[in-house]
Amino acid sequence: HQLVLAPMVGGSELPFRLLARRHGAQLCYTPMMSSENFIRPKATEHGIGPLQIHADDSPLVAHFSGNHPGTLLAAGKRAARFPGVVAVDLNLGCPQRSAHSGHFGAFLLDPPDRPLLLNIVSTLSRTLSVPLFCKIRLLDNLDDT
């Protein structure tokens, strides 16, 4: 895909994705979704929360935050069942205060969390029926990234 609409706060909801596709976006991401919150609500024919689906919004990448391999796997499996979802993306880039307090995003990149992160990536990449992407923040030392 040459034109990708990356996940953006306030810019990845369905109406904006449809607009971006009309102007050439070939692959779009959902907004960041909490894996814990995503596995709870009942799905409708239109989706769940920020994962709103539309026939003209495909291919689509479901973008998740979280820090528990089982919860992320359940969310990824659920998202992969929706029409048009072709991949799951793990957020490892969010630097916001909510990511710090929730222990997700860029805050999973610290050396003490690397075994957890490897477990998450290994679990999802081995088990999901769709590819796993990781949106990652560059660290101060490029070799650590």
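Let's talk about the nonpolar core
Line of reasoning, step 1. Ranked by size, the top nonpolar core spans 30 residues in total, and within it Phe38, Leu51, Phe64, Phe82, Leu90 and Leu124 carry the most contacts.
Line of reasoning, step 2. Elements represented by at least two residues in this core include exactly β6 (60-65), α3 (69-80), β7 (85-92) and α5 (114-127).
Line of reasoning, step 3. No other element matches α3, which puts 5 residues into this core.
Line of reasoning, step 4. Apart from the residues within four sequence positions on either side, Phe38 is in contact with Met33, Ile48, Leu51, Phe64, Ala75, Arg78, Ala79 and Phe82.

Observations regarding unusual backbone geometry
Line of reasoning, step 1. Omega for the peptide link from Ser58 to Pro59 comes to 0 degrees, which places this bond in the cis form.
Line of reasoning, step 2. Checked against the element boundaries, Pro59 lands in the loop between β5 (51-52) and β6.
Line of reasoning, step 3. At His103, a residue that is not glycine, the phi angle is positive and equals roughly 55 degrees.
Line of reasoning, step 4. Inspection of the secondary structure assignment puts His103 in the loop between α4 (97-102) and α5.

Parameters and conventions
- Residues numbered from 1 in each chain as written.
- Predicted model: local features only at pLDDT ≥ 70, side-chain atom pairs only at ≥ 80, totals over all residues.
- Heavy atoms only, no water.
- Core = buried A, V, L, I, M, F, W, Y, C linked by side-chain atoms within 4.5 Å.
- Buried < 20%, exposed > 50% of the residue type's maximum accessible area, 1.4 Å probe, protein only.
- Helix = DSSP H or I, 4+ residues; strand = E, 2+ residues; numbered from the N terminus.
- Contact = heavy atoms within 4.5 Å.

Read these as spatial facts, not as claims about activity.
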